[in-house]
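# Remarks on the overall topology
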Amino acid sequence: MERQLLQQAKEAFVSGRARPLEFRLQQLHALQRMIMEKETEISTALKQDISRSQYDTPLLELISIENEIKLAIEKLAQWAAPRPVEKNLFTISDEVYIQPEPLGVVLIIGAWNYPWALTLIPLVGAIAAGNAAVVKPSELSKCSSLLLHALLPCYLDKDLYPVVTGGVSETQQLLRLRFDHIFYTGGSTAGKLVMEAAARHLTPVTLELGGKSPCYIDKDCDVRTACRRVTWGKFVNCGQTCIAPDYILCEPCIQGQVVEFIRETLLEFYGADPKCSPDYGRIINQEHFNRIMSLMEGYTPVVGGQSDSSQWYIAPTVLKDVPPHSRLMQEEIFGPLLPIVTVSDMEDAINFINEREKPLALYIFCSDQKAIKRMIEETTSGGVTVNDVMMHYTVSSLPFGGVGQSGMGRYHGKHTFDQLSHQRACLIRSLKMERVNLARYPPQDRRRARRVRMALRSPLIDTSKRTLIWAVVATILGLSFKQNMEIDAFICFKLY
């Protein structure tokens, strides 16, 4: 089945119908229509999958998808246009440019925690770049997966953008096949398997993984506001967000304040019993519930800690004085547990972060601009947000992606288009002006070698202004544009 769908997508791509910009725009408009028309059904599916509030789904997923589509529609002609580049003396009269072109058939493997955004935003880029795409939503978000399988063929080209449902077996079958690019969002363990499978076909990959994103709170900042923002970012979607603050770093003198401010904020957000709040979600399944609960073994929470396995419910939980080498600090939590690790100062926090794998995101709460700059300069992460959490994800002009163990490649906006395009180098020249080429041909002598060396060592030239000047001269002299460029090149070459 998977092989048949891939062959169908390849044949549709080779036919060329995905290449015209008009077709791409039509498909993007159709996808936009699907999001607008099926918002209620999508929200219902997510309520069934992870008990997400109907009000959160537009804010957390649908608006970001709509923004990506709108941007792609508005900028597509610009993104897909040839991109002129600077020239050297040997190519000054030639057309030299980069032409973005489709890669072919892309495999998009989505994630369950944000099953619509993390599947459809890469698809927007694949469509905009002129590719075909096989879409594999996560089987864990079952209702969303089945709904996407039902909806997408009603709006998009069935051959170019098929949806494959199923579990691990179906994903493994897909990974045995040869795609032109694989875009995977999920955990690092599965990410390694995806990369291993892709290597067998030399298929390029984009891996959007995760990791333990640190959150440093400086003692001299507005700690109350910092805790309010951290509380939202950590516990929205029940902590099941790849860029959620994974743990807090702070000095011991403010640890008590941090705990109390988080406690107050949780009461404001979710009431005295978050289990009864329509705004607080649930863990995706029993396996993840058991995994998260096991991370708490041996600790006494200072906030929360309640759970109900029948509902896969874990209360928003804070743990303080967590040892740096505990199991809780060894793996991504991906749930509503927030450990606090104390550090002596910012330098200690920087060292703590740098001793570990490079995170997907880094959060810094600080009022000192020099200190902020220092922390950014002396650490590495996929992205960084200062005095807030997760908001860098919402800016389509910023590339979103990991570094090292937190992933490779980037997307959002034009970055997705570029990631799923081949940047083809193009040089078009005339068969005239052969005299200019004589210096590179044998037999060589000192004079010819000197000319070639000087030409190749010359700085790159932006011909846009020169072209404008020569266009005016051409009008006066009655010369053609090509003649102008040939004369220009010849004169420049003779100067050397």
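The protein carries the name Aldehyde dehydrogenase in an unreviewed UniProt entry, which gives Poecilia mexicana as its organism. Entered under Sequence similarities (unreviewed entry) in the UniProt record, the comment concerning the protein runs "Belongs to the aldehyde dehydrogenase family."

Turning to the environment of Ala72, a few remarks are in order. Position of Ala72 among the secondary structure elements: in helix α4 (residues 56–80). The spacing of Ala72 and Asp180 is 108 residues in sequence and 22 Å in space, taken between C-alpha atoms. Not counting chain neighbours up to four residues away, the residues in contact with Ala72 comprise Leu28, Trp79, Val124 and Ala128.

What follows is about the domain arrangement of the protein. As far as domains go, the protein holds domain 1 (1–210 + 412–425) and domain 2 (214–403). Put simply, the middle of domain 1 and the middle of domain 2, counted by C-alpha atoms, are 30 Å apart. Residue-level contacts link 24 residues of domain 1 with 24 residues of domain 2. When the two sides are added together, the surface that domain 1 and domain 2 hide from each other amounts to roughly 2,000 Å², 54% of it contributed by carbon and sulfur. When residues of domain 1 are sorted by the area they lose upon contact with domain 2, Trp112, Gly210 and His412 head the list and together hold 28% of the total. Along the contact surface separating domain 1 from domain 2 lie eight residue pairs in polar contact (both at pLDDT 80 or more). When residues of the side of domain 1 that touches domain 2 are traced back to their parent elements, those giving at least two are α3 (39–50), α4 and α5 (117–128). Per-element tally for the side of domain 1 that touches domain 2: the top contributor is α4, with four residues. Considering only residue class, the side of domain 1 that touches domain 2 consists of 10 nonpolar, eight polar and six charged.

A few words now on unusual backbone geometry. Omega for the bond connecting Pro442 with Pro443 falls within 30 degrees of zero, at 0°, which places this linkage in the cis form. Inspection of the secondary structure puts Pro443 in the loop between α15 (434–437) and α16 (446–457). Positive phi, normally seen in glycine, also occurs at Asn237, with a value near 60°. The buried category is assigned to Asn237, whose relative accessible area is 9%. Within the chain, Asn387 stands out as a residue other than glycine whose phi angle is a positive 65°. In this fold, Asn387 is placed in the loop between β14 (383–386) and β15 (407–408). Assessed through its relative accessible area of 27%, Asn387 is described here as partly exposed.

Moving on, we get to the packing of aromatic side chains. All told, the structure shown has nine aromatic pairs when counted by the stated rule. Between Trp79 and Phe417, the ring centres sit 5.7 Å apart and the planes meet at 45°, which makes this aromatic pair tilted. On the criterion of sequence distance, the pair formed by Trp79 in helix α4 and Phe417 in helix α14 (residues 414–419) is long-range, its members being 338 residues apart. This pair shows no difference in class: Trp79 is buried, exactly as Phe417 is. By way of ring pairs, the aromatic residues Phe183, Tyr393, Phe400 and Tyr411 are connected into one cluster.

Rules behind the numbers
Here the residue numbers are simple positions, counted from 1 along each chain's written sequence. With pLDDT at 70 or above as the cut-off, local features in this predicted model cover only qualifying residues; side-chain atom pairs require 80 or more to be listed or tallied, and sums for whole chains, interfaces and linings still use all residues. Hydrogen atoms and water are omitted, and side-chain values are computed over all heavy atoms in the structure. UniProt positions are given in the numbering used here, feature names are shortened, and annotations may be inferred rather than shown by experiment. A run of H or I in DSSP counts as a helix once it spans at least four residues, and a run of E counts as a strand once it spans at least two, with each numbered from the N terminus. Should any heavy atoms of two residues lie within 4.5 Å, those residues are counted as being in contact. Reported domain spans reflect what an automatic or database domain assignment gives. Buried area is understood as the total, over both parts, of accessible area removed when two parts are fitted together, assessed with a 1.4 Å probe. Polar contacts, as used here, are pairs of N or O atoms within 3.5 Å; protein pairs need one atom able to donate a hydrogen and one able to accept it. Residues neighboring in sequence count only if both atoms are side-chain atoms. Classification used: nonpolar for Ala, Val, Leu, Ile, Met, Phe, Trp, Tyr, Cys and Pro, charged for Asp, Glu, Lys and Arg, polar for all others including Gly. Relative accessibility under 20% of the residue-type maximum defines a buried residue, over 50% an exposed one, and the middle range a partly exposed one, all with a 1.4 Å probe and only protein chains included. When the centres of two rings from Phe, Tyr and Trp lie within 6.5 Å, Trp using its six-membered ring, the rings pair. Their planes under 30 degrees apart give stacked, over 60 give edge-to-face, and anything left gives tilted.

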